[in-house]
Amino acid sequence: MRELQEKIRQEGIVLPNNVLKVDSFINHQMDPKLMKKIGEEFAKRFENEGITKILTIESSGIAPAIMTALEFDVPVVFARKRKPLTASDHLYCSSVYSYTKQETNEITVSKDYLLQSDTVLIIDDFLANGQAALGLIDLARQAGAKVAGVGIVIEKSFQEGADLITAKGFRLESLARIESLENGEVSFKTEECVSI
Ligand code: G4P
């Protein structure tokens, strides 16, 4: 997605350890017009999949997820990283280990909001090691819901997440695919050219 790549080039900051800081438009301050376009792009890519629900994880996945849900006119459910005070055993639960943060979160979704009849589109802001996306897929599986695919705003293609998800047979659509952050520079994977 061209606008997203341009924004990453203009405002993304490469930090040590292959981390891309995008606080000015995704992870802290947010750019609503860009988020709207992101939602439209995911809706276009998954338009014929019969999506009934968008599933994401708090917190930065919520903005692109809600813009996508608006396009599909379906609800968004976000997995929580901590069991809510009002929690009962009426929850689906999965363990997600973050290599970046070196911590494990128990992510949960109420059984009321993920149903066997659902066709779920999973949306998140970043795909790095893929554990968050796999945890969300696991929650959908526990509910008996169908997973139509995974939509990611920024994929770090040099980490293992993308391969893990596609190797399991899930459709993955990433709007910006980063090949490398070496030497403080963002290199995107070249998109396939369509010849006319
Ligand atoms: P995973 O999400 O693919 O499983 O990979 P990982 O465990 O490495 O990522 C842990 C957290 O770090 C995730 O956010 C993920 O979005 C974020 N992250 C990974 N690489 C980058 C990066 O290069 N830049 C930025 N800005 N974030 C990155 P999280 O803990 O779920 O946080 P949040 O959604 O509450 O912000």
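Residues numbered from 1 in each chain as written. Predicted model: local features only at pLDDT ≥ 70, side-chain atom pairs only at ≥ 80, totals over all residues. Heavy atoms only, no water.

Asker: I keep staring at the packing of helix α3 (residues 32-45) against helix α4 (residues 62-72) and nothing clicks. Help me out?
Answerer: Helix packing geometry: the angle between the two helix axes and the distance between the axes. One can describe the packing of α3 onto α4 by two numbers: an axis separation of 8 Å at closest approach and a directional angle of 55°. Regarding the angle of α3 to α4, the classification is oblique. Taken as a pair, α3 and α4 cross one another with a handedness that is right-handed. On α4, the residues that touch Pro32, Met35, Lys36, Ile38, Gly39, Glu40, Phe42 and Ala43 of α3 are Ala63, Pro64, Met67, Thr68, Glu71 and Phe72. Residue composition of the contact of α3 with α4, grouped by class: nine nonpolar, two polar and three charged. (Axes fitted to C-alpha atoms, helices over the stretch in contact; angles between N-to-C directions. Helix = DSSP H or I, 4+ residues; strand = E, 2+ residues; numbered from the N terminus. Parallel < 35°, antiparallel > 145°, perpendicular 65-115°, else oblique. Left-handed = near helix turned anticlockwise from the far one by under 90°. Contact = heavy atoms within 4.5 Å. Nonpolar A, V, L, I, M, F, W, Y, C, P; charged D, E, K, R; others polar.)

Asker: Just checking my understanding: could you explain the sheet that holds strand β4 (residues 76-79) for this structure?
Answerer: Reading across from one edge, β4-β3-β7-β8-β9-β10 is the order of the six strands in this open sheet, with mixed pairing throughout. Every other strand in the sheet has two partners, leaving β4 and β10 (187-188) as the edge strands with one partner each. Sheet topology note: the strand β3 (residues 53-57)/strand β7 (residues 119-127) ladder contains three bridges and is parallel. Note that in β7 the partner of Leu55 across the bridge is Ile122. This element, helix α5 (residues 131-143), spans β3, β4, β7 and β8 (146-156) of the sheet and lies at about 165° to β7. (Pairing = 2+ DSSP bridges.)

Asker: Help me understand the nonpolar core, please; the structure alone is not making it clear to me.
Answerer: Generally speaking, soluble globular proteins have nonpolar side chains that are buried together. Leu4, Ile8, Leu20, Ile38, Ile54, Phe72 and Ile154 are the most contacted members of the largest nonpolar core, which has 32 residues in total. Excluding anything up to four places from it in sequence, Leu20 contacts Ile8, Gly12, Ile13, Val14, Phe126, Ile154, Ile178, Leu181 and Val186. (Core = buried A, V, L, I, M, F, W, Y, C linked by side-chain atoms within 4.5 Å. Buried < 20%, exposed > 50% of the residue type's maximum accessible area, 1.4 Å probe, protein only.)

Asker: I'm lost on the environment of Glu179 in this one. Help?
Answerer: Along the polypeptide, Glu179 turns up in strand β9 (residues 172-180). When its relative accessible area of 43% is taken as the criterion, Glu179 is described as partly exposed. Residues Glu179 and Gln159, spaced 20 residues apart in sequence, show a C-alpha to C-alpha distance of 9.1 Å. The contact partners of Glu179, leaving out residues within four places of it in the chain, are Phe158, Ser187, Phe188 and Lys189.

Asker: Got a minute to help me understand α3 in this structure?
Answerer: A turn of α-helix holds 3.6 residues, and therefore any two residues three or four places apart point the same way. Over its 14 residues, α3 extends 20 Å from the first C-alpha to the last, a length consistent with the 20 Å expected when each residue adds 1.5 Å. The secondary structure elements touched by the buried residues of α3 are α1 (2-11), α2 (23-27), α4, β7, β8 and β9. For α3, the N-terminal cap is Asp31; the gap from its side-chain oxygen to the backbone nitrogen of Lys33 is 3.1 Å. (Expected span 1.5 Å × (residues − 1). Polar contact = N/O pair within 3.5 Å; in protein donor to acceptor, adjacent residues only side chain to side chain.)

Asker: It is not clear to me how the packing of aromatic side chains should be interpreted in this structure. Could you clarify?
Answerer: Any two aromatic rings considered together are summarised by their centre-to-centre distance and by the angle between their planes. Evaluation of the coordinates by the stated rule reveals one aromatic pair. Positioned above the aromatic ring of Phe46, the side-chain terminus of Arg171 is 4.3 Å from the ring centre. (Phe/Tyr/Trp six-rings, centres within 6.5 Å; stacked < 30°, edge-to-face > 60°. Lys NZ or Arg CZ within 6 Å of the ring centre and 35° of its normal.)

Asker: Just checking my understanding: could you explain unusual backbone geometry for this structure?
Answerer: Glycine aside, the phi torsion of most residues is negative, and most peptide linkages are trans. Put simply, Glu58 and Ser59 share a cis peptide bond, and its omega is 0°. Summarising the element assignment, Ser59 is placed in the loop between β3 and α4. With a phi close to 65°, Asn17 is a non-glycine residue in the positive phi region. Here Asn17 lies in the loop between β1 (13-15) and β2 (19-21). On the accessibility criterion, Asn17 (71% relative accessible area) is exposed. A positive phi angle, near 60°, is found at Asp73, a position not held by glycine. Tracing the backbone shows Asp73 in the loop between α4 and β4.

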